[in-house]
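Structure assessment
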Amino acid sequence: MTVPYHPPVKRSIAIEGHRTSISLEPVFWDMLKASADEAEMPISTLVAEIDAERIQSDTPPGLASAIRVWLIARANA
């Protein structure tokens, strides 16, 4: 198996009108885009939904970590 090792890539996303930078490895950007495409929504809308869920957590992680966890949980569901 070839593992796609690559350092994180930083992208700017607007969440509810506020711009924020998110650093994710390319494999997670690919997974996020696929999830957004499947849900027929822009990546920024999906990120906003993940952010809203994360904030309600008892111990909210950083946004990039929340996105990674959300994507892995979804892949394993």
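Placed above this text is the structure.
Note that this is a predicted model, so its numbers are computed, not measured.

1. A closer look at helix α3 (residues 63-75)
When the terminal C-alpha atoms of α3 are compared, their 18 Å separation across 13 residues agrees well with the 18 Å that a helix rising 1.5 Å per residue should span. Of the surrounding elements, those touching the buried residues of α3 are β1 (9-15), β2 (18-24), α1 (26-38) and α2 (43-55).

2. Focus: the pattern of salt bridges
On inspection of all chains with the given rule, the structure shows four salt bridges. Across the pair glutamate 25 and arginine 68 runs a salt bridge whose closest N-O atoms are separated by 3.0 Å. Here glutamate 25 is found in the loop between β2 and α1, whereas its partner arginine 68 is found in helix α3, with 43 residues between them in sequence. Between arginine 54 and aspartate 51 there is a salt bridge, with its nearest N and O atoms 2.8 Å apart.

3. A short note on a nonpolar patch on the surface
On the surface, Met1, Val3 and Tyr5 cluster together to form a nonpolar patch covering roughly 460 Å² of accessible area. According to the relative accessible area criterion, valine 3 is partly exposed, its value standing at 34%.

4. Some words on the packing of aromatic side chains
Any two aromatic rings considered together are summarised by their centre-to-centre distance and by the angle between their planes. One pass over the structure, following the stated rule, counts zero aromatic pairs. Sitting over the face of the ring of tryptophan 29, arginine 11 holds its NZ or CZ atom 4.6 Å from the ring centroid. For the cation-ring pair, arginine 68 lies above phenylalanine 28, with the distance from its terminal atom to the ring centre recorded as 5.8 Å.

Parameters at a glance
Residues numbered from 1 in each chain as written. Predicted model: local features only at pLDDT ≥ 70, side-chain atom pairs only at ≥ 80, totals over all residues. Heavy atoms only, no water. Helix = DSSP H or I, 4+ residues; strand = E, 2+ residues; numbered from the N terminus. Expected span 1.5 Å × (residues − 1). Contact = heavy atoms within 4.5 Å. Salt bridge = Lys/Arg side-chain N within 4 Å of Asp/Glu carboxyl O. Patch = residues over 30% accessible without salt bridge, like charges linked within 9 Å, V, L, I, M, F, W, Y side chains within 5 Å. Areas by Shrake-Rupley, 256 points an atom, 1.4 Å probe, with all protein chains shown as cover. Buried < 20%, exposed > 50% of the residue type's maximum accessible area, 1.4 Å probe, protein only. Phe/Tyr/Trp six-rings, centres within 6.5 Å; stacked < 30°, edge-to-face > 60°. Lys NZ or Arg CZ within 6 Å of the ring centre and 35° of its normal.

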